[in-house]
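# Structural overview
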Amino acid sequence: MESKKEFFLECYKLGIIKFGRFTLKSGIESPFYVDLRPLASDPKILKKLANYLLEMLPLDNFDIICGVPYAALPMATAMSLESYLPLIIKRKEAKSYGTKKLIEGIYEKGQNCLLVEDVITSGKSLVETIDEVENEGIKVSDIVVVLDREQGGKEKLQEKGYKVHSLFNISEVVEILREVNYIDDEEVTRIQDFVNGNQVVFEEKKRLSYEQKLEITEHSFAKKILEIAIAKKSNLIASADFITTKELLEFADFVGPHIVALKTHIDILNDFDADETILPLKDLATKHNFLLMEDRKFADIGNTQELQFSYGTYKISNWADLVTSHVIGGSKSLDCFMNVGVVAILGMSSEGTLTDSHYREEALKVIENHPNIIGCVAQNEISDNLLLFTPGVNLSVAGDDKGQQYNSPEHVIKNYGTDFIIVGRGIYKADEPEQEAVRYKNEGWKAYQDSL
C-alpha cells in the first residue's frame, strides 16, 4: 500500500483543504478550511481511506459501526463493507412519522459501537452523537476520525474515557504540504499560530451538586433523599429481591448504614405480613436513615393505580417513601400518588426494551410537568429539576442471560449525569453483601465528586 503521505496528497487534490481566510460556524476566522465530503465522490480513494482507518483499530472490540451525520456516513459505509461490521445510521433528527427513530438499523443493547467522524475540532458533535447512541443501550468506547484539527476535541473525549484514533492531524498535514511546496513558511506559521491560539473546547454543562439540587427542589421526598445522600456521603440504592421476610430484614440491616434507599419488590415475598414485614422494615429504615422505595412499576389507568397503591394485601401507601411508575397511562394516572415521591420509568436497562427515543420524548413531557414526580429511572441525561436514578449498575459483570445490561458507577455518573445508582445482584448475591455495599457506596461517591 502507498505511504500515508502519498495517500494524503492524493486526497488533497480533491480540494479537501483550502487556505485563505474563512469564517467558521463559531464566528472565528480561520486560515484554513477542511471539507472531506469530496472523498465520497472518488470510490477508489474512499475504499483506501476505509482500509487506512480500519488498520488503526482493534476490530475484535466492535459489534457495529456508525458514522456521525452527514460527512462521515460514506466513510462508515465503506468501512462496514471492508470489515463486514454491521452498519447503523444515526439521523440528525428523528423523523416526525413512521418509527420516529434517531438510530436506524439492526442492533442489540449492550453491543459495542465504533463511531466514525470526518473532522474533530471541539468534539461537541461527537459528544452529542455518543449520548444519542448510548441512549439506545449501545456502548461506545472508540472513535476514529480522519483529521484532528488539534483544537482540543480529541483530548476532551479522551478525558471522558473514550479512545480517539486519528489518521491525520493538522500539524502532520501542514508538514506534508510544506515538504512538497504547496504552502510556504508564512502559511505554516499562520496555521500554527491559529491552532495554538484557538483551543475551542466547548463548555460542557456542569452537573449540579446535591446541595445545589436541594436548593431548587420542592418535593419533600426529593429533599429527603438528597439530605440523606449529603449526610451519608452515598448515592447508593440497594435492590432487595428476596422471597422471605427474614432475608429481606437481614439484608436491610447489613446494608442500611451505607445506602440512601432500599428498593423492594414487596409482592415477591412468600411470607408477607404487614406486622412481621413492614413494621420491622420501617424500624430499620429509621435506625439506619434510608428511604423505602417500592419498585411496583405501576402501569394502569388512574383509578386502578389508586386501588393498587392504597388497598389490597400490601397497602403500599402506608409505608413506601418512593414508588416507581410507568407514565404510559398519561399524566392524570399519576395524580393518585399522594404523600410519596414518584420515580417515573423513562428507560429500562434490559435488552430489547421498547422505551425508544420517541417514547422518551413523549414521557419526558409528562415527567417534567407532574408535581408528584421527583425524578426518573433512565440511562440518559435529564433536566436539573429532576433526580436521575440509574439501574443496571455492576462492577463485575456486563450482563446476564435474561437481557440485563450493566454499566459501572463511574460510567453512569460521569456520562449520564446519574444522581443515584441502583445496584441489585452486585450486592445481594455477593458473599459479603455489607462489604460490597461499602465498595459500591465508595465508588459511587468518588464518581460523583469527580464529576463536579
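Every chain's residues receive numbers from 1 upward, in the order its sequence appears when written. In view of the model being predicted, local features appear only for residues whose pLDDT reaches at least 70, and side-chain atom pairs are presented and counted only at 80 or more, with totals across whole chains, interfaces and linings using the full set of residues. Think of the side-chain values as coming from all heavy atoms in the structure, minus any hydrogens and water.

The protein is annotated in an unreviewed UniProt entry as Orotate phosphoribosyltransferase of Epilithonimonas vandammei. UniProt positions are given in the numbering used here, feature names are shortened, and annotations may be inferred rather than shown by experiment. Recorded under Subunit (unreviewed entry), the UniProt text for the protein is reproduced unchanged: "Homodimer." For the record of the protein, the UniProt heading Cofactor (unreviewed entry) holds the text "Mg(2+)".

### Regarding the state of the cysteines
Throughout, disulfides are identified as pairs of cysteine sulfur atoms within 2.5 Å of each other. Counted according to the given criterion, the structure contains zero disulfides. Not engaged in a disulfide, the cysteine Cys-113 finds its nearest cysteine sulfur in Cys-66; these two sulfurs lie 5.0 Å apart. Cys-376 carries a free sulfur, and the closest cysteine sulfur to it, the one in Cys-336, is 18 Å from it. Remark: exposure states derive from per-residue accessible area (1.4 Å probe, protein chains only) relative to the maximum for the residue type, with buried under 20%, exposed over 50%, and partly exposed in between. The buried category is assigned to Cys-376, whose relative accessible area is 0%.

### So, the confidence of the model for the protein
pLDDT is a residue-level measure of predictor confidence that goes from 0 to 100. Considering every residue of the protein, the mean pLDDT works out to 90; 93% of them sit at 70 or more. Throughout, a residue-residue contact means that at least one pair of heavy atoms, one from each residue, lies within 4.5 Å. Taken as a whole, residues 398-404 scores under 50 in pLDDT and shows 16 contacts with residues more than four places along the chain or in a different chain.

### Focus: the environment of Cys-336
Elements are defined by DSSP. Helices are runs of H or I of four residues or more, strands are runs of E of two residues or more, and each kind is numbered from the N terminus. Here Cys-336 shows up in the loop between β12 (322-325) and β13 (341-345). Note on Cys-336: relative accessible area 14%, which makes it buried. A sequence separation of 33 residues divides Cys-336 from Asn-303, and the C-alpha atoms of the two residues are 7.8 Å apart.

### Focus on the nonpolar core
Nonpolar core, defined: a set of buried Ala, Val, Leu, Ile, Met, Phe, Trp, Tyr and Cys residues in which side-chain atoms within 4.5 Å join the residues together. Of all hydrophobic cores here, the largest spans 78 residues; its most connected members are Leu-262, Phe-389 and Phe-420. Per-element accounting of this core gives the leading share, six residues, to helix α9 (residues 220-232). The residues contacting Phe-420, other than those within four sequence positions of it, are Tyr-210, Ile-225, Leu-226, Ala-229, Asn-235, Ile-237, Val-260, Leu-387, Leu-388, Phe-389 and Thr-390. Counting residues in each nonpolar core, the second largest holds 46 residues, with Leu-9, Ala-72, Ala-78 and Val-195 among its members.

### Considering the domain arrangement of the protein
Reported domain spans reflect what an automatic or database domain assignment gives. What the domain assignment lists for the protein is domain 1 (4-196) and domain 2 (210-451). Here domain 1 and domain 2 have C-alpha centroids that lie 39 Å from each other.

### Side note on a negative patch on the surface
Where like charges cluster on the molecular surface, the negative patch consists of Asp-271, Asp-273, Asp-275 and Glu-276. Looking at where Asp-275 falls in the secondary structure, it is placed in helix α11 (residues 274-288). Patches here: salt-bridge-free residues with over 30% relative accessible area, like charges joined within 9 Å, nonpolar side chains (Val, Leu, Ile, Met, Phe, Trp, Tyr) joined within 5 Å. Each accessible area is a Shrake-Rupley estimate made with a 1.4 Å probe; only the visible protein chains count as cover when residues are assessed. Basic side-chain nitrogens of Lys or Arg form a salt bridge, by our definition, when they fall within 4 Å of a carboxyl oxygen of Asp or Glu. For this count, His and the chain ends are skipped, Lys and Arg are scored as positive, and Asp and Glu as negative. To locate a charge, take atom NZ for lysine, CZ for arginine, CG for aspartate or CD for glutamate.

### What about the pattern of salt bridges?
Opposite charge on two side chains permits them to pair, given that their charged atoms come into close proximity. Under the criterion given, the structure shown has 21 salt bridges. For Glu-159, the salt bridge is made with Lys-156, and the minimal N-O distance between the two is 3.6 Å. With a gap of three residues between them, Glu-159 and Lys-156 both fall in helix α5 (residues 153-159), about one helical turn apart. Across the pair Lys-246 and Glu-250 runs a salt bridge, and its minimum N-O distance is 2.7 Å. Here Lys-246 and its partner Glu-250 are both found in helix α10 (residues 245-255), four residues apart, which amounts to about one turn of the helix. Classification of Lys-246 by relative accessible area gives exposed; the value is 58%. Given a relative accessible area of 36%, Glu-250 falls into the partly exposed group. A network of salt bridges, in which partner residues are shared, links Arg-207, Lys-213 and Asp-419.

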